[in-house]
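Examining the three-dimensional arrangement
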Amino acid sequence: MAAKSALVRKDDGHIDLLAAAGGIRGIAESVLPGLVFLVVFTLTRNLTWSLAGSVAIAAVFLIARLAQRTPLTQTLAGIIGVALSAFLAMKTGKAENYYFVGFLTNGAYILAMVASIVVRWPILGLLFGYARNEGVRWRDKPERLRAYRVATWIIVAVMAARLAVQLPLYVAGMVDALGAMRLIMGVPLYALGLWVAWLVSRPVKVD
């Protein structure tokens, strides 16, 4: 899992946040479908047009990757998520349900990360350990295990913050505000959390 991740270390020793987020293309694939949905719905209040625009953008990214024969994992996951979100919103007739799948996904990530901490295999340790050429040797060092548990808790906090802010907006049916928060608390907040987790879990140099 760590070897296949986009987590790489730059020459200055810091992680490449752009690469970790999937690069410019990966960010576009994550952000644009939701942005199109939000913009179209805000301007027209037409759920059908908004959903059609969102799904169309996701389909364009998929077709582009098929044509270029590039890896499809992220794009397929994205279009499945968009299609399912669109189906739920259309089925219920409520625009806010476009974001419901995201809540489930976010909750699943939180549970997985907390479980990894409990069993002493923190997910951030696996990812950062690979990027730092530590492998899983950090598990034999209490201070490194502790650092990676803290790092994983930071990402859990990021995801919990998303739910704390966005769920009340969902319940209130405030689609415009919910969509804006999804964008703001998406890639930018994740990248910030990842950067802080990287700094917190840095090995301490002993002179």
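Predicted model, so just to flag it, every value in this text is computed and none were measured.

So, the nonpolar core
Formed by 38 residues in total, the largest nonpolar core has its most connected members in Phe37, Leu51, Tyr98, Tyr99, Met113, Leu124 and Phe128. Counting only elements with at least two residues in this core, the list comes to helix H2 (23-44), helix H3 (47-68), helix H4 (73-92), helix H5 (100-118), helix H6 (123-131), helix H7 (142-172), helix H8 (175-184) and helix H9 (187-200). Here this core gets 10 residues from one element, more than from any other, and that element is H7.

A short note on unusual backbone geometry
Positive phi, normally seen in glycine, also occurs at arginine 45, with a value near 60°. Among the structural elements, arginine 45 can be located in the loop between H2 and H3. Exposure remark for arginine 45: the relative accessible area of 47% places this residue in the partly exposed category.

Observations concerning the packing of H6 against H7
Taken N-terminus to C-terminus, the directions of H6 and H7 make an angle of 110°; their axes are 7 Å apart at the nearest point. Between H6 and H7, the interaxial angle falls into the category roughly perpendicular. In terms of crossing hand, the pair formed by H6 and H7 is right-handed. Along the contact surface, H6 presents Ile123, Leu124, Gly125, Phe128 and Gly129, while H7 presents Tyr148, Ala151, Thr152 and Ile155. Its residues assigned to classes, the contact of H6 with H7 shows 6 nonpolar, 3 polar and no charged.

Conventions used here
Residues numbered from 1 in each chain as written. Predicted model: local features only at pLDDT ≥ 70, side-chain atom pairs only at ≥ 80, totals over all residues. Heavy atoms only, no water. Core = buried A, V, L, I, M, F, W, Y, C linked by side-chain atoms within 4.5 Å. Buried < 20%, exposed > 50% of the residue type's maximum accessible area, 1.4 Å probe, protein only. Helix = DSSP H or I, 4+ residues; strand = E, 2+ residues; numbered from the N terminus. Axes fitted to C-alpha atoms, helices over the stretch in contact; angles between N-to-C directions. Parallel < 35°, antiparallel > 145°, perpendicular 65-115°, else oblique. Left-handed = near helix turned anticlockwise from the far one by under 90°. Contact = heavy atoms within 4.5 Å. Nonpolar A, V, L, I, M, F, W, Y, C, P; charged D, E, K, R; others polar.

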